[in-house]
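Chain by chain, the residues run as shown.
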Amino acid sequence: MTAEDRVAYALRTLYLSFPEVHIISFHPPSGKAYETPLIRFPILQNLGIASKRRHLDFIVRCGRFLILQELKGDAASSSNDQVKLLALQQELGLGGIMKTIRARVPTIVTPPTIDRLILSLGFSTYNAEIPRIFTTFCVDTNGMVHWQWGGDLTQDEVSELASYFTLP
Amino acid sequence: MPTPEEVLVLCDGVTDAELFKRIRRCHPVLRRIPEASIRTYEQARFRSTETPLRRAVQPLHIDDRPDLIFCFRDRPILVVEMTEHAYTGDNGLQRFARFAVAAENGLPFIYFGPLRRVRDDELDSMEEGTASARSLTSDLFEGMKRLNEIFGTPQLYVEWRTADNGMPLSLGTRPSDNDILGLYGELLTLIAGILFEADPARAGIIQHAQAETTRLAAIRNTRASDVRFLLPPKNAIALVKNAALLCDLLDGGAYFDKGKGDKLFAKFSLSQSSITSIQLPDGTMVLEGHPTFAEILPKVFAHRKFQNPAMIYYTGYKWRPDPHGGAAVNVDYRICRPNNERTPQARATALIIFYPRISCNPQSPLWQILRDAGPETPGLAKMFIDRYGPGLGTTKLEKCTHSENLFSLWGNASKQARLFRRCADIVVLNDGIILGHPIEEVFA
């Protein structure tokens, strides 16, 4: 199992432990997306070297929040992922992203109830500074997940998110 | 036959293992397979010692790895392949070598995948609800039917159903037992039916599934191929000696003037091809000028196989394993073994593969041109201009040459080389010939 595999399955377990956190799309490092639809985003103009991979590792919904997440074994390898997530946000916006998702999962997502996008990175080795706009999920050597909400979220939003990321 | 507690399930990756752990809980017998007995294949680099299980599984990993292998007492007893893909052309055959390897090793095989589905790119580009589903090529089912007829082992298919939007259905991350049984119930029943003799419905289940493969094979959805055809022996031999003849033979000469522009790379290679080296089945390379060079092909063509029409398979792909590796194995079983020959050595029909974007002689004049080929290569530029006109031709050529490795050198260690050498009598490259294992008795 690679470090990225370990991150992917630790986060999958984490998300499934919270009843109000819903995985819309999970694309494991093996590429075998058996559980959920594979959501491919349109080709983006400002993606540069990250343009070949058109899906995301996780698309997660909790309440009105939509989390777009990319995974790596270590934080230092995530620069392409940062470019990709920012390009998705800037070029497609929440409306375009929801339109793409709806084409794959017409019954699951009801667009009007989602109004806030969260860009996120997951990794196991925290060996580089990550811009504050990204919410980070770090899986430690014991499999515990530590997360830090992005700096663009208001205190109210963080409180709202914390209510979803709390065990019942 | 094993009890569920005695079954070991080897999985290609964590995802396969997690999926099987999850879905088998809904089956009354498969749920008894211990969780610890469902695990991923060991990585070759972590293996310390050889074990009977590793030795027994190794033949199933000869080219690549199927998704699930069920084992009992250190022996494989069932192979399962799962994919969400379903393609109309050669891409649908890219896994076929796994089907064949299971049958050649006397093992039942189950293929789980969609029968028809919408393509991802069409769903991306078309208005909602307008993308139409494409059918999986019936050549796949015909190949499965032939494997069953030749080896007598089950080759079974279970449909991965699709949603209203034409995409394969998925469970979601919190499925109910009914959700799981709705999607995977038939697959689980078939797996249990094959594994456990105690199941009274076993024979009926397998027979019914095999009949379904036969039924699907009879529903032809492929047209006659431009790149796969039988040729009388005299013409086939002439073509091997002068591969440039293919330029006028494929689709009556129209093949290279339609479809993707990068077909012209293959045409360029073909137009200048000449045989400067021959690799014997044991891997020995004989270069032009060697005293035995001129004797090799006459010896090959004197073999009984070349008294019959030969199967020609042209592949214009660059150096890559898929999909043409699986497609070649499919052609072998569907067309080249009319008498149910169990090995390619025993076949009455020769299989000749033309692979013109590949060279095998690093010293050949043609490789010296191809390794640096690009927009400045005179003959290549002319072909693009002849097809598209002066302006568009230059643009197309520049666009096509952005791709890496337009031309490559043959290497025996790669998957496509292993597959081609195993199933083809002759592989014709742009500057030489690879003689495959099926013709090895000529050099015994």
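Here the residue index of a chain counts from 1 through its sequence in written order. Chains carry letters and ligands carry numbers; both start at the beginning, A for chains and 1 for ligands, and go up in the order they are written. Thresholds applied to this predicted model are a pLDDT of at least 70 for local features of residues and 80 or more for the giving and counting of side-chain atom pairs; totals over whole chains, interfaces and linings are not thresholded and use all residues.

Often the size quoted for an interface is simply the accessible area lost on bringing the parts together. Whether two residues are in contact is decided by their C-beta atoms, placed from the backbone, lying within 7 Å. Facing the 18 residues of chain A at the interface are 16 residues of chain B. Helix and strand labels come from DSSP, where a helix needs a run of H or I of at least four residues and a strand needs a run of E of at least two; each type is numbered from the N terminus. When contributions to the side of chain A that touches chain B are tallied by element, the ones reaching two or more residues are helix 1 (3-17), strand 1 (22-26) and helix 2 (79-104) of chain A. Looking at which element gives the most residues to the side of chain A that touches chain B, the answer is helix 1 of chain A, with three residues. Think of it as three bins: nonpolar holds Ala, Val, Leu, Ile, Met, Phe, Trp, Tyr, Cys and Pro, charged holds Asp, Glu, Lys and Arg, and polar takes everything else, Gly as well. For the side of chain A that touches chain B, a count of residues per class yields eleven nonpolar, two polar and five charged.

Residues and elements named next belong to chain B. Here the limits of each domain have been adopted from an automatic or database domain assignment. Domain boundaries in chain B define domain 1 (4-218) and domain 2 (228-443). Computed from C-alpha coordinates alone, the two centres of domain 1 and domain 2 are separated by 33 Å. Opposite the 17 residues of domain 1 that make contact, domain 2 presents 16 residues. Elements represented by at least two residues in the side of domain 1 that touches domain 2 include exactly helix 3 (96-104) and helix 5 (138-151). Of the residues forming the side of domain 1 that touches domain 2, the biggest block, seven residues, is contributed by helix 5. A per-class count over the side of domain 1 that touches domain 2 returns six nonpolar, three polar and eight charged.

Let us now look at unusual backbone geometry. Residues and elements named next belong to chain B. Omega for the bond connecting Asp322 with Pro323 falls within 30 degrees of zero, at 0°, which places this linkage in the cis form. Its place among the elements puts Pro323 in the loop between strand 12 (310-314) and helix 12 (324-335). With phi around 65°, Asp74 is a residue other than glycine that occupies positive phi space. Relative to the assigned elements, Asp74 resides in the loop between strand 3 (68-72) and strand 4 (75-82). One non-glycine residue with positive phi stands out, namely Asn405, at about 50°.

Glancing now at the pairing of strand 5 (residues 109-113) of chain B. Residues and elements named next belong to chain B. Any residue with 12 or fewer other C-beta atoms within 10 Å of its own C-beta is exposed, any with 20 or more is buried, and the rest are partly exposed; the C-beta atoms used are placed from the backbone. Counted residue by residue, strand 5 has five buried out of five residues, so it is predominantly covered. Side chains Phe109, Tyr111 and Gly113 project from strand 5 onto one buried face, and the interleaved Ile110 and Phe112 project onto a second face that is buried too. In this structure, strand 4 lies alongside strand 5, joined through four bridges in parallel fashion. When the sheet's bridge partners are listed, Met82 is paired in strand 5 with Phe112. By definition, the crossover connecting two strands over a helix is right-handed if that path, from the first strand to the second, turns clockwise as seen with the strands pointing away from the viewer. Read from strand 4 through helix 3 to strand 5, the crossover connection turns out right-handed. At least two bridges found by DSSP between two strands is the condition for calling them paired.

Time to look at the packing of helix 10 (residues 263-271) of chain B against helix 14 (residues 378-388) of chain B. Residues and elements named next belong to chain B. For the pair helix 10 and helix 14, interaxial distance at closest approach is 10 Å and the crossing angle is 130°. Relative to helix 14, the element helix 10 lies oblique. With respect to the hand of their crossing, helix 10 and helix 14 are arranged in right-handed fashion. Taken together, the residues of helix 14 that come into contact with helix 10 (itself represented by Leu264, Lys267 and Phe268) are Gly379, Leu380, Met383, Phe384 and Arg387. Here the contact of helix 10 with helix 14 is built from residues that sort into five nonpolar, one polar and two charged. Axis definition: a line fitted to C-alpha atoms, over the contacting stretch in the case of helices. Angles run 0 to 180 degrees between N-to-C directions. Oblique is the label for any angle not under 35 degrees, not over 145, and not in the 65 to 115 range, which are roughly parallel, roughly antiparallel and roughly perpendicular in turn. By convention the crossing between two helices is left-handed if the near helix lies anticlockwise of the far one by an angle smaller than a right angle, and right-handed if it lies clockwise.

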